[in-house]
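So the chains spell out like this:
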Amino acid sequence: MNPPSDTPPDQPRGPVLSDVSFESLGLSRTMTAVLKRRGYTAPTPIQKDVIPLALEGHDIVGQAKTGSGKTASFAIPILEMLERSADLPQALILAPTRELVQQIVVETEKLAIGQNVKIRGLYGGEPIVRQLRSLERGVDVVVGTPGRVMDLLERRALDFSDVYHVVLDEADRMLDIGFRDDIERILRRVPEPHQTMLLSATLSEEILFLSRKYMHHPIELNLSQDELSVESIKQYYITVDHDRKIELLMHLLEKEQPRQCIIFTRTKRGAEKLGQRISRKLSGVGLMHGDMAQPARNRVMQGFREGKVKILVATDVVGRGIDVEGISHVFNYDIPEDPENYVHRIGRTGRMGRDGVTFLFVCPDEGDPLTNIEMLTGKPIESYKPEGFQAYQKRSPDNREYQEVYRIGF
Ligand code: ADP
Ligand code: MG
């Protein structure tokens, strides 16, 4: 096995694109010019499928792996279809976290350059007064977390009478974190007829239930049935004793010298403790979890985008969907409870065809969750033995529990 540091230096290989042009999808000249300036030479596969169907007014349920350009797949057609004369919001985009809302706002604004479109992010953590005021001034596209949108609806600060386009982005995650009731309440407030697009990296029974209930003959697009994980990502797992995890992490950080990395922990407290311990030895460490105040989270996120924060310690809730090109490594410090989270975590690296390396720390009693991950991705993860580092105590050979973690079924 080649150790990951022997892989050739990271070169952007460019995004995975389809074989058609944006022009052939029936986009306006303004939009194709913006895309060209943005450096998007061709649509990604999900964009190629979603854009023309959305322009025809269809409801869509789309599954595509993370980093495949889902944001532009709904933002482009919506921008093309907005009525210029309206005062009230015409499009509503729901996403699970504040960071994702901000990311969608930024991407949509870039695609709307040259058009007079007002886009507003609505999420908890920012003073509601500021959001109320900007809503009074008029907004065309509302992007928000279900909680804050519901709150503003109840205060009658939002009027959905003119909303025609509804997007549920990262729908699986929104359901995971208990937004189901809010989503259903919001969807009931959007007048008929309207168009709904649901995008997700994974499709569950619950999502299909929602889509059947609230959508009209949605067209299902499944672009990642057999490849849940991205090919440009090299995945390894390492067997490690619980009490050696921190040393192993420090060893790997030293050896791998990540350009930028995210380290995922299972709990907020775990993230805090780990963040503190790493920053005693290294600089450029940032922390993000759901209990932190929004301004602090914004600062860390900005530092991470600018490359000042090199090592981000995060929990799943905030780590999901982050799109920062410099992320060369993802460390699964704690094995994720839900195997789907593994797919989302590792998807933070290898963005748009760049190379990425991921390490999954597996303790001797965590063989089952490892197997569950491999069953989901349909691929065994390669074992990695850190050179010159004893990650776990070898016990008697017949004591299976304490050997290198076994994978059942592969
Ligand atoms: P997803 O939502 O599927 O995880 P994103 O919408 O966050 O993916 O897109 C991932 C990255 O790809 C972003 O940095 C985005 O700017 C870029 N991107 C999207 N579409 C294209 C395209 N057609 N050509 C080049 N880059 C693209
Ligand atoms: Mg996305």
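Secondary structure assignment for the protein chain yields 15 helices and 14 strands. Looking at the protein chain as a whole, 55% of its 410 residues qualify as buried. Partitioning the contacts of the protein chain with sequence separation of at least 6, the portion at a separation of at least 24 is 76%. Accessible surface, the protein chain as shown: approximately 18300 Å² in total, 48% of it carbon and sulfur.

Quick look at the environment of Ser 161 now. Tracing the sequence through the fold places Ser 161 in the loop between α6 (146-154) and β5 (165-168). Along the sequence, Ser 161 and Arg 189 sit 28 residues apart, while their C-alpha atoms lie 8.3 Å from each other. Setting aside its immediate chain neighbours within four residues, Ser 161 contacts Leu 88 and Pro 191. Of the polar contacts made by the side chain of Ser 161, one reaches the side chain of Asp 159; its length is 2.3 Å.

Let us look at the sheet that holds strand β10 (residues 285-288). Strands sit in the order β10-β11-β9-β12-β13-β8-β14 across an open sheet of 7 strands; the sheet is parallel. Looking at which strands have only one partner, the edges of the open sheet turn out to be β10 and β14 (382-383). Here helix α12 (residues 294-306) sits on the sheet in contact with β9 (260-264), β10, β11 (311-314) and β12 (327-332), set at roughly 135° to β10.

The final tally for this structure, using the stated rule, is 5 aromatic pairs. When the ring of Tyr 236 is compared with that of Phe 359, the centres are 5.7 Å apart and the planes differ by 25°; the resulting orientation is stacked. Note that Tyr 236 is positioned in strand β8 (residues 233-239) and Phe 359 in strand β13 (residues 356-362), a separation of 123 residues in sequence. This pair shows no difference in class: Tyr 236 is buried, exactly as Phe 359 is. Judged by centre distance (5.7 Å) and plane angle (15°), the ring pair of Phe 331 and Phe 359 falls under stacked. Here Phe 359 lies in strand β13 and Phe 331 lies in strand β12, a separation of 28 residues in the sequence. Classification of Phe 359 as buried rests on a relative accessible area of 0%. Every member of this aromatic cluster is reached through a ring pair, and the members are Tyr 236, Phe 331, Phe 359 and Tyr 384. Lying over the aromatic face of Tyr 333, Lys 245 brings its terminal NZ or CZ to 5.0 Å of the ring centre.

Next up on the list: the nonpolar core. Leu 27, Phe 74, Ile 76, Val 141, Val 143 and Met 197 are the most contacted members of the largest nonpolar core, which totals 37 residues. Where this core is concerned, the elements lending two or more residues are α1 (29-38), α2 (45-55), α3 (70-81), β2 (91-94), α4 (98-111), β4 (141-144) and β6 (195-200). When residues in this core are grouped by element, the largest group, 6 residues, is from α3. With near-sequence residues (within four places) excluded, Met 197 lies in contact with Val 50, Ala 54, Ile 60, Phe 74, Ile 78, Val 166, Val 167, Leu 168 and Met 215. Grouped together as the second largest cluster of nonpolar side chains are 30 residues, Val 142, Leu 153, Val 166 and Leu 210 included.

The set of residues buried in α1 consists of Met 31, Thr 32, Val 34 and Leu 35. Burial along α1 is one-sided: seen end-on, the buried residues are contained in an arc of 160°. Turned more than 90 degrees away from the buried face of α1 sit Arg 29, Lys 36 and Arg 37, all of them exposed. Taken together, the buried residues of α1 touch α3 and α4. Gly 39 lies just past α1 and shows a positive phi near 90°.

Right, let's talk about the pattern of salt bridges for a bit. Counted by the stated rule, this structure contains 20 salt bridges. The shortest N-O distance in the salt bridge between Glu 107 and Arg 38 comes to 3.0 Å. Here Glu 107, found in helix α4, pairs with Arg 38, found in helix α1; they are 69 residues apart in sequence, far enough to count as distant. For Glu 107, a relative accessible area of 14% gives the class buried. With its nearest N and O atoms 3.9 Å apart, the salt bridge here joins Arg 188 to Glu 184. Residue Arg 188 and its partner Glu 184 are located together in helix α8 (residues 180-189), separated by 4 residues, close to a single helical turn. Assessed through its relative accessible area of 54%, Arg 188 is described here as exposed. On the basis of relative accessibility, which here comes to 8%, the residue Glu 184 falls in the buried class. Overlapping salt bridges bring together Arg 180, Glu 184, Arg 188, Glu 206 and Lys 213 as one network.

Over the atoms rolls a probe the size of a water molecule, and its path tells where empty space is left. Evaluation of the coordinates by the stated rule reveals 1 cavity of 30 Å³ or more. Forming the walls of the largest cavity are Arg 173, Phe 264, Asp 316, Gly 319, Arg 320, Asn 341, His 344 and Arg 345. Broken down by secondary-structure element, the contributors of at least two residues to the lining of the largest cavity are α13 (316-319) and α14 (339-346). Ranked by residue count, the leading element in the lining of the largest cavity is α14, at 3 residues. Within the lining of the largest cavity, the residues separate by chemical class into 1 nonpolar, 3 polar and 4 charged.

Reading the values: rules and limits
Residues numbered from 1 in each chain as written. Chains lettered and ligands numbered in written order. Predicted model: local features only at pLDDT ≥ 70, side-chain atom pairs only at ≥ 80, totals over all residues. Heavy atoms only, no water. Helix = DSSP H or I, 4+ residues; strand = E, 2+ residues; numbered from the N terminus. Buried < 20%, exposed > 50% of the residue type's maximum accessible area, 1.4 Å probe, protein only. Contact = heavy atoms within 4.5 Å. Areas by Shrake-Rupley, 256 points an atom, 1.4 Å probe, with all protein chains shown as cover. Polar contact = N/O pair within 3.5 Å; in protein donor to acceptor, adjacent residues only side chain to side chain. Pairing = 2+ DSSP bridges. Axes fitted to C-alpha atoms, helices over the stretch in contact; angles between N-to-C directions. Phe/Tyr/Trp six-rings, centres within 6.5 Å; stacked < 30°, edge-to-face > 60°. Lys NZ or Arg CZ within 6 Å of the ring centre and 35° of its normal. Core = buried A, V, L, I, M, F, W, Y, C linked by side-chain atoms within 4.5 Å. Arc of directions from axis to C-beta. Salt bridge = Lys/Arg side-chain N within 4 Å of Asp/Glu carboxyl O. 1 Å grid on protein atoms, 1.4 Å probe; cavity = no way out; pocket = protein on both sides within 12 Å on 5 of 7 lines; lining within 4 Å. Points joined across faces, edges and corners; volume = space filled by probe spheres on them. Nonpolar A, V, L, I, M, F, W, Y, C, P; charged D, E, K, R; others polar.

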